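# Inside the fold
The primary structure of each chain is shown beneath.
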Amino acid sequence: AQKVTQAQTEISVVEKEDVTLDCVYETRDTTYYLFWYKQPPSGELVFLIRRNSFDEQNEISGRYSWNFQKSTSSFNFTITASQVVDSAVYFCALSEDGSARQLTFGSGTQLTVLP
Amino acid sequence: GAGVSQSPSNKVTEKGKDVELRCDPISGHTALYWYRQRLGQGLEFLIYFQGNSAPDKSGLPSDRFSAERTGESVSTLTIQRTQQEDSAVYLCASSFLTRGVDTQYFGPGTRLTVL
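What counts and what doesn't
Residues numbered from 1 in each chain as written. Chains lettered and ligands numbered in written order. Predicted model: local features only at pLDDT ≥ 70, side-chain atom pairs only at ≥ 80, totals over all residues. Heavy atoms only, no water. Pairing = 2+ DSSP bridges. Helix = DSSP H or I, 4+ residues; strand = E, 2+ residues; numbered from the N terminus. Axes fitted to C-alpha atoms, helices over the stretch in contact; angles between N-to-C directions. Contact = heavy atoms within 4.5 Å. Buried area = accessible area lost by both parts, 1.4 Å probe. Salt bridge = Lys/Arg side-chain N within 4 Å of Asp/Glu carboxyl O. Polar contact = N/O pair within 3.5 Å; in protein donor to acceptor, adjacent residues only side chain to side chain. Nonpolar A, V, L, I, M, F, W, Y, C, P; charged D, E, K, R; others polar. Phe/Tyr/Trp six-rings, centres within 6.5 Å; stacked < 30°, edge-to-face > 60°. Buried < 20%, exposed > 50% of the residue type's maximum accessible area, 1.4 Å probe, protein only. Core = buried A, V, L, I, M, F, W, Y, C linked by side-chain atoms within 4.5 Å. Disulfide = S-S within 2.5 Å.

In this section: the sheet that holds strand E3 (residues 19–24) of chain B. All names here are of chain B. Within the open sheet, the four strands sit side by side as E1-E3-E7-E6. Their pairing is antiparallel. Only two strands of the sheet have a single neighbouring strand rather than two, namely strand E1 (5–7) and strand E6 (65–69). Direction aside, the axes of adjacent strands within the sheet are offset by 15° on average. Sheet topology note: the E6/strand E7 (residues 75–79) ladder contains five bridges and is antiparallel. Counted as the bridge partner of Ala-67 is Leu-77 from E7.

Dropping the structure here:
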């Protein structure tokens, strides 16, 4: 069975601080895919990244970076120099076949960036 | 419009009534998903449509839930004899495959409240 754990329910930071959102997953599959989504107050989910289990290279996209550690089953997400617009709920998710079908989602982390 | 749209944005109904939720995907997207998001929780997969293939209904929680999609266009999610536990935000997403990557675009959701 698959499981995704986001232990941080809520995080508050002050603008310009760096923040890391944790994601730990469980799966019996050797091939799997991990995702991060952002859900701002408007409610629309925004896809951020998809990473397959064979690619452990860390990824950076602007102020966003992701650290995939297979040894600890973690796929953490860091926002550098946070901004108020980063305030949202962030979800980590796992998929066995790489599609968005039947994604297993974590419970989400509410990030609040204070001005 | 350029994005996925859903209607209504909010729906309040009485227990036992039927409701119909609508999703207009992005034109050209062959795949369409319905998810349910209960308050403070991650997304639960409900149903998946891909082109003219038989839908994957494995996430539907009971036979009170059904969904239809006409070709690659509009989809409707119907909940019959609503119960209070059906109260949630119902999210629709459409996607297309690019180089094997299934990129989802989410609608704003329909917030259903069953009194």
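Turning our attention to the interface of chain A and chain B. Taken together, the 17 residues of chain A in the interface contact 20 residues of chain B. In total, chain A and chain B occlude about 1,500 Å² of area from one another, counting both sides; carbon and sulfur atoms represent 56% of this. Where chain A touches chain B, the interface holds zero salt bridges. Inspection of the region where chain A meets chain B yields two residue pairs in polar contact (both at pLDDT 80 or more). For the side of chain A that touches chain B, the elements supplying multiple residues, two or more each, are strand E5 (33–39) and strand E6 (46–52) of chain A. Its residues assigned to classes, the side of chain A that touches chain B shows seven nonpolar, seven polar and three charged.

Throughout the structure, instances matching the rule amount to 19 aromatic pairs over all chains. Between Tyr-37 of chain A and Phe-105 of chain A, the aromatic rings sit 5.5 Å apart at their centres with planes inclined by 40°, giving tilted as the arrangement. Taken together, the residues span a long stretch of sequence, with Tyr-37 of chain A in strand E5 and Phe-105 of chain A in strand E11 (residues 104–105) at a distance of 68 residues. Here Tyr-37 of chain A falls in the buried class, since its relative accessible area comes to 0%. Aromatic rings pair up to connect Phe-35, Tyr-37, Phe-47, Phe-91 and Phe-105 of chain A together with Tyr-33, Tyr-35, Phe-45, Tyr-48 and Phe-106 of chain B into one cluster.

A word on the nonpolar core. Residues Trp-36, Phe-77, Tyr-90 and Leu-111 of chain A are the most contacted members of the largest nonpolar core, which totals 23 residues. Contributing elements (two or more residues each) for this core: strand E2 (10–14), strand E3 (19–21), E5, strand E8 (64–69), strand E9 (74–79), strand E10 (88–95) and strand E12 (109–114) of chain A. Looking at this core, the element that brings in the most residues is E10 of chain A, giving four residues. If you look at the next biggest cluster of nonpolar residues, it comprises 20 residues, including Val-4, Leu-32, Trp-34 and Ile-79 of chain B.

Structurally, the position occupied by Asp-56 of chain B is in the loop between strand E5 (43–50) and E6. Polar side-chain contacts of Asp-56 of chain B include one of 2.6 Å to the side chain of Ser-58 of chain B.

Quick look at the state of the cysteines now. Working definition: the covalent bond between the sulfur atoms of two cysteines is a disulfide. Per the stated rule, a full pass over the model turns up two disulfides over all chains. There is a disulfide in this structure between Cys-23 of chain A and Cys-92 of chain A, and the S-S distance comes to 1.9 Å. The sign of the S-S torsion, about -65°, decides the handedness of the disulfide formed by Cys-23 of chain A and Cys-92 of chain A: left-handed. With Cys-23 of chain A in the loop between E3 and strand E4 (24–26) and Cys-92 of chain A in strand E10, this pair connects stretches of sequence that are 69 residues apart. A residue is classified by how much of its surface remains accessible, and Cys-92 of chain A, at 0% relative accessible area, is buried. Note on cysteine connectivity: Cys-23 of chain B is disulfide-linked to Cys-92 of chain B, with sulfurs 1.8 Å apart. Classification of the bridge connecting Cys-23 of chain B and Cys-92 of chain B rests on its S-S torsion, roughly -65°, and on that basis the disulfide is left-handed. Separated by 69 residues along the polypeptide, Cys-23 of chain B in strand E3 and Cys-92 of chain B in strand E8 (residues 88–98) bring together distant segments of the chain.

With that out of the way, let us pick up the pattern of salt bridges. All names here are of chain A. Applying the stated criterion across every chain, the model contains eight salt bridges over all chains. In this structure, Arg-51 engages Asp-55 in a salt bridge whose closest nitrogen and oxygen atoms are separated by 3.6 Å. One salt bridge connects Asp-86 with Arg-63, and the closest N-O pair in it is separated by 2.8 Å. Here Asp-86, found in the loop between E9 and E10, pairs with Arg-63, found in the loop between strand E7 (59–61) and E8; they are 23 residues apart in sequence, far enough to count as distant. Through salt bridges that share partners, Arg-51, Asp-55 and Glu-59 make up one connected network.

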